[in-house]
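Each chain, letter by letter, is given below.
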Amino acid sequence: MERNERSTPVPGKEKEVDIINIKGIEDIGYVQPDSILLNCLTPEENTGCQHGLYFQDGERRVDYILTYHIKKPSSSRSNRQSSRFTDNAFTRSIRRGTARLGRAPTPQPRGDPEVASQDHSMDYHVDDKRLHREEFEGNLRDMGMELEKDEDTKTPGVGFVKIHAPWHVLCREAEFMKLKMPTKKVYEMKQSTGVGAKINTLVNKATEPLYPNVEDNRTHNVKHLSYMFSREKQHLFDLSDRDSFFDSKTRASIVFEVLKRTKCTKAKYSMGFTSLLGSGVYTDAYPLHDGDLDGENIEPNDRKLLYEEWASYSVFYKYQPIGLVRKYFGEKIGLYFAWLGLYTQMLIPASLVGVIVFLYGCATVDDNIPSMEICHPKNNITMCPLCDRACSYWKLKEACGTARASHLFDNPATVFFSIFMALWAAMFMEHWKRRQMRLNYEWDLTGFEEEEDHPRAEYELRVMQKSLKKEHKTQKTEKEKLTCKDRLPAYMTNVVMMLLMIGVTFAIVFGVILYRISTKTALHMSNNPTTRSNVRLTVKTTAAIINLVVILILDEVYGAVARWLTVLEVPKTDKSFEERLIFKTFILKFVNAFTPIIYIAFFRGRLVGRPGSYLYVFESYRMEECAHGGCLMELCIQLSITMLGKQLIQNNLFEIGIPKLKKLIRYIKSKRRSFQEEEREKKLQRYETDHFLEPFAGLTPEYMEMIIQFGFVTLFVASFPLAPLFALLNNIIEIRLDAKKFVAELRRPVAARAKDIGIWYNLLRAVAKVAVIINAFVISFTSDFIPRLVYQYMYSPDGSMHGFVNHTLSYFNVSNFQDGKEPMDPQHQVEMCRYKDYREPPWSNTPYVISKEFWAVLAARLAFVIVFQNVVMLMSDIVDWLIPDIPKDISLQIHKEKILMVELFMKEEQGKIQFIDSMMPCGGKEKRNNHAPIARSRSIPHTHSHTHANNF
């Protein structure tokens, strides 16, 4: 039964009369009658309203909260009552003036002259904001909303406006928003049969302990037929319980849509809801959480269930209750956690294969012939100095540890793992598309199409400013002028600033290079033999840590820069703003995270020169070389430290620490305000408790950290096969960390409908495609895989790897050193030293010229890149083609729903015809039958029209 939400009295009480703001009454010179004050709910009755989830009458639910700043009351007004606005006849008459009430205004008492002068010196902006609020709230009432104010709270300086959407507003807006709601019609979902169904049943029984204890995660054989809500077809829906027909998530989203459409038109510029928030008229806006998480006698609610079955670390091994997440937070957030859960599940096989590849390297390290040759005790190869003057000659067997460690990541299995990860990425993308389509069906989003958003307040303001400056131009011309003339400088600024930021990243990487070169030289000059023996490890590790710190700092800077650049563009809609912000942030953070890794993988050790003719920076710093085992080991160190550091520090510690710190600061600021101790000890209302929570900042940071992690997992996986394992361990914690943050640390976000993850899917596909190319170059140019193959099949006398190390080393006559570049204190008296390169020996006709072996290896490397890239991409396309985007059972169920919906409307039409026939006399019935073919001919296309079926 529908409740009259404006006038229905609370059982056992007199009909409640809502009281208006005392301040507003004092402003017009009217004092409230005692009868109104007597009808107010007492504090004891107020505690029965579930601590702020309902209005003071205990009947109307709070669907949304607006907050605004109020000045601290003076001593003469310290006992001012809380204000509660409701749209009834009494409050309307008060607003129209006291003359309409039939009594003269009560004169204001004279107060202290100093206090009066302070009141007159109030900032005009405060009055403007109050007038804007009054107009905006009046417009909300005209839209059918019911409001109630509360300024007498235990949160000093903050006033709250509680908004309730009555039934007729919910119905109207649900029809406007084309919300699909479940009908009374229930149909049985077709269950698959055969061997596959039996296997699926066995798997479900085996994994039953992994499912959370929530109703939404249990499989159902029946499903309600859904249809877009219509006030004319309310009989199709089960409205027996109107309070629960629209859940709290849907009610909040409906109120938010009304707020976005409501404007203040009496200001100099037309101000929408976002403009009012940005200008400080309102300070915050948020829906309420359903209830508390701890305490005594807490009623069961979705929030507490999510906290116990989703946000607890004790259930880390269970699947997520995605249905309940969607029910409480909306489809957009539900899709994020569904994607994150699927990504984490797909990391399990990738981690297993990566561990196997790593163990294979550990098992075969003693059988690796090149590392055995380097570590052989009889190896007496003397290598050229690693730096000028300070460094001396050294023995190749000193690089034994580096060579053995490099084999762990540079072995034939890494090539297989690179191909496997490319196919894994393709299967992950296809699996997600199928999972996404299944969720669209389960969440009744199959026919959902996103409509164009309302223009952003900043865009409208810019257009209006241009219109006021040039009144002789039409508004259409001004909008075009904004697009062409005003945005061009913004685009140019964006390009210049992004190039500048990328240049900053390159400059920092170059600075770290100089740090490595200078530190290496300084450590070689040390008198401590232990320090000299661990120069490479010390320099690599400290440089990687410096890179990590710089990346963490620049990530925050680049996030702010990307937002500033997007604001300069003045995008028209929120969706356009979000997509541009995501793209800029991704480019900057991607370059920031991967530039040091790309330098080590593809540039370090390649621009060095040779002994006697090295390449110098600033004529004093010699470019650094790779170790004899190659740069793959250094690449692995840099990649592991960056990845683990970002996950541990940025993704976990920051996400835990920063929200708690901000919440603590807000609470401390509130406690410093002067209010009574007994008020401090009282239980806060629900809207006050949520006010101290961190505002929801969108899903962009959550997606961004996962996309960067996806890059670490796929882009350089050939050099770090353990990356999927560390990503898996991080994500197991990340899911529960994000869940706890959303449930307990953040304000409840406004539910947003979405049928996919948007631009993030395109970024994932781009990273997966780039990963194939980068891994091809890593295997070909960074590792020694191709040189080993070339030697084994072209130059080896017996087809084995014996002699490979000697084949890769060139000779240098120490007498050809440049003046001042030879070692100051050589520990060995040598005539020839060796260095890693393919060059002619000094006794040849063309000494130190690149040899033909170099060109043979280069040709093989380029050929491998081309073959690897095309083969892997072809295999990925085959996987894409073999796996359909829509599961077959979902396709059949969607088709079945269309047929059932057409049958339902045909049955309804026939029922109407029979009812009309039963109410009409015989003569009228015959007369109607003469026109029956026309009615039938109109109904026939509805049964066979494909276009009509698609509407369902």
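Predicted, not measured: the structure shown is a model, and the values here were computed from it. (Residues numbered from 1 in each chain as written. Predicted model: local features only at pLDDT ≥ 70, side-chain atom pairs only at ≥ 80, totals over all residues. Heavy atoms only, no water.)

## Let's talk about the overall build of the chain
- Counting its secondary structure elements, the chain contains 35 helices and 16 strands.
- Relative to its full complement of 952 residues, the chain shows a buried share of 48%.
- Pairs at least 24 residues apart make up 80% of the contacts formed inside the chain by residues separated by at least 6 positions.
- When the accessible surface of the chain is split by element, carbon and sulfur atoms take 58% of a total near 48,000 Å². (Helix = DSSP H or I, 4+ residues; strand = E, 2+ residues; numbered from the N terminus. Buried < 20%, exposed > 50% of the residue type's maximum accessible area, 1.4 Å probe, protein only. Contact = heavy atoms within 4.5 Å. Areas by Shrake-Rupley, 256 points an atom, 1.4 Å probe, with all protein chains shown as cover.)

## Some words on the state of the cysteines
- Under the counting rule described, the total for this entry stands at three disulfides.
- Each disulfide pairs two cysteine sulfurs, and for Cys375 the partner residue is Cys400, the sulfurs being separated by 1.9 Å. Between Cys375 and Cys400 the disulfide shows an S-S torsion of about 105 degrees. By sign, it is right-handed. Pair noted here: Cys375 is in helix 15 (residues 369–375) and Cys400 is in helix 16 (residues 400–407), with a separation of 25 residues, a long-range link. (Disulfide = S-S within 2.5 Å.)

## Description of the packing of aromatic side chains
- Counted under the stated rule, the structure contains 51 aromatic pairs.
- Pairing Phe245 with Phe246 gives two aromatic rings, centres 4.9 Å apart and planes at 85 degrees, and the pair type is edge-to-face.
- The buried category is assigned to Phe245, whose relative accessible area is 12%.
- For Phe246, a relative accessible area of 1% corresponds to the buried category.
- Ring plane angle 75 degrees and centroid distance 4.9 Å describe the contact between Tyr336 and Tyr703, whose orientation is recorded as edge-to-face. Within this pair, whereas Tyr336 is found in helix 14 (residues 331–364), its partner Tyr703 is found in helix 26 (residues 700–714), the two being separated by 367 residues in sequence. Here Tyr336 and Tyr703 have matching classes, each one buried.
- Here the basic side chain of Arg61 rests over the ring of Tyr54, its NZ or CZ set 5.7 Å away from the ring centre.
- One cation-aromatic arrangement involves Arg748 over Tyr328; the distance from NZ or CZ to the ring centre is 3.9 Å. (Phe/Tyr/Trp six-rings, centres within 6.5 Å; stacked < 30°, edge-to-face > 60°. Lys NZ or Arg CZ within 6 Å of the ring centre and 35° of its normal.)

## Focus on the packing of helix 17 (residues 412–442) against helix 32 (residues 888–919)
- It is at 10 Å that the axes of helix 17 and helix 32 come closest, and there the two elements cross at 25 degrees. Accordingly, the angle class assigned to the pair helix 17 and helix 32 is roughly parallel. For helix 17 against helix 32, the interelement crossing comes out left-handed. Of helix 32, the residues touching helix 17 (which contributes Met437, Arg438 and Tyr441) are Asp889, Ile890, Gln893, Ile894 and Glu897.
- Split by residue class, the contact of helix 17 with helix 32 holds four nonpolar, one polar and three charged. (Axes fitted to C-alpha atoms, helices over the stretch in contact; angles between N-to-C directions. Parallel < 35°, antiparallel > 145°, perpendicular 65-115°, else oblique. Left-handed = near helix turned anticlockwise from the far one by under 90°. Nonpolar A, V, L, I, M, F, W, Y, C, P; charged D, E, K, R; others polar.)

## Regarding the nonpolar core
- In terms of nonpolar packing, the biggest core is built from 113 residues, with Trp339, Tyr343, Trp424 and Phe716 touching the most fellow members.
- With 15 residues, the single largest contributor to this core is helix 14.
- Contacts of Phe716, omitting those with residues within four sequence positions, involve Phe594, Ile597, Ile598, Ala601, Phe602, Leu635, Leu639, Gly711, Ile774, Asn775 and Val778.
- Core analysis: the second largest hydrophobic core is formed by 47 residues, Val169, Phe237, Phe273 and Leu900 among them. (Core = buried A, V, L, I, M, F, W, Y, C linked by side-chain atoms within 4.5 Å.)

## Quick word on the confidence of the model for the chain
- Per-chain confidence: the chain averages 78 in pLDDT, with 78% of residues scoring 70 or above.
- Across the chain, helix 14 holds the top mean pLDDT of 94, while helix 2 (residues 34–38) sits lowest at 32.
- Below a pLDDT of 50 lies the segment residues 74–122, which in the model reaches 66 contacts outside its immediate sequence neighbourhood of four places, other chains included.
- Counting interchain partners and residues more than four positions distant, the pLDDT-below-50 stretch residues 478–487 has 21 contacts. (pLDDT = per-residue confidence, 0-100.)

## Some words on a nonpolar patch on the surface
- A contiguous nonpolar surface patch, about 320 Å² in accessible area, is contributed by Ile545, Val549, Ile553 and Val557.
- Looking at the element boundaries, Val549 is found in helix 21 (residues 535–569).
- Residue classification places Val549 among the partly exposed positions, given a relative accessible area of 42%. (Patch = residues over 30% accessible without salt bridge, like charges linked within 9 Å, V, L, I, M, F, W, Y side chains within 5 Å. Salt bridge = Lys/Arg side-chain N within 4 Å of Asp/Glu carboxyl O.)

## Here's the deal with the sheet that holds strand 3 (residues 158–164)
- The strand order across the open sheet built from four strands is 2-3-1-8, with neighbouring strands paired in antiparallel fashion. The sheet terminates laterally at strand 2 (146–150) and strand 8 (284–286), the two strands that pair on one side only. Put simply, the sheet's adjacent strands are angled 20 degrees from each other on average, direction ignored.
- Packing against the sheet, helix 10 (residues 248–261) makes contact with strand 1 (64–69) and strand 3, and its axis sits at approximately 50 degrees to strand 1. (Pairing = 2+ DSSP bridges.)

## Focus on helix 17
- The terminal C-alpha atoms of helix 17, which comprises 31 residues, lie 45 Å apart, in line with the 45 Å expected from a rise of 1.5 Å per residue.
- After helix 17 finishes, the residue Asp444 shows a positive phi value of roughly 60 degrees. (Expected span 1.5 Å × (residues − 1).)

## Observations concerning the pattern of salt bridges
- Under the defined criterion, the tally for this structure stands at 38 salt bridges.
- Of the charged contacts, one joins Lys646 and Asp555 as a salt bridge, the two residues approaching to 2.8 Å between their closest N and O atoms. Taken together, the residues Lys646 in helix 23 (residues 632–672) and Asp555 in helix 21 connect sequence positions 91 residues apart.
- Judged by relative accessible area, Lys646 falls into the buried class, the value being 7%.
- Look at Asp555 and you get buried, because its relative accessible area is 3%.
- Between Arg686 and Asp690 there is a salt bridge, with the nearest N and O atoms lying 2.8 Å from each other. On the criterion of helical spacing, the pair formed by Arg686 and Asp690 is a turn pair, its members being four residues apart in helix 25 (residues 686–691).
- Salt bridges here are not isolated pairs; linked through shared partners, they connect Glu430, Lys433, Asp880 and Asp885.

## As for helix 31 (residues 852–882)
- Between its first and last C-alpha atoms helix 31 spans 45 Å; for 31 residues at 1.5 Å apiece the expected length is 45 Å, and the two agree.
- Each element contacted by the buried residues of helix 31 is listed here: helix 17, helix 28 (759–782), helix 29 (785–795) and helix 30 (804–808).

## Things to note about the side chain of Thr595
- Looking at the element boundaries, Thr595 is found in helix 22 (residues 574–602).
- Side-chain polar atoms of Thr595 contact the backbone oxygen of Val591, separated by 2.4 Å.
- Contacts of Thr595, omitting those with residues within four sequence positions, involve Thr505, Phe506 and Val509. (Polar contact = N/O pair within 3.5 Å; in protein donor to acceptor, adjacent residues only side chain to side chain.)

## So, the pairing of strand 2
- In terms of burial, strand 2 is a largely internal element, five of the five residues being buried.
- Bridge count between strand 2 and strand 3: five bridges; the pairing is antiparallel. For Asp150, the partnering residue across the bridge sits in strand 3 and is Phe160.

## Let's talk about the packing of helix 29 against helix 31
- Their axes nearest at 9 Å, the elements helix 29 and helix 31 cross at an angle of 120 degrees. Considering the angle they form, helix 29 stands oblique to helix 31. For helix 29 against helix 31, the interelement crossing comes out right-handed. Counting all contacts with helix 29, which are made through Phe785, Ile786, Pro787, Val790, Met794 and Tyr795, the residues of helix 31 involved are Glu853, Ala856, Val857, Ala860, Arg861 and Phe864.
- Considered class by class, the residues forming the contact of helix 29 with helix 31 number 10 nonpolar, no polar and two charged.

## Some thoughts on unusual backbone geometry
- Non-glycine residue Asp444 carries a positive phi angle of around 60 degrees.
- Note that Asp444 resides in the loop between helix 17 and helix 18 (457–469).
- Within the chain, Tyr848 stands out as a residue other than glycine whose phi angle is a positive 65 degrees.
- Of note, Tyr848 is situated in the loop between strand 16 (832–836) and helix 31.

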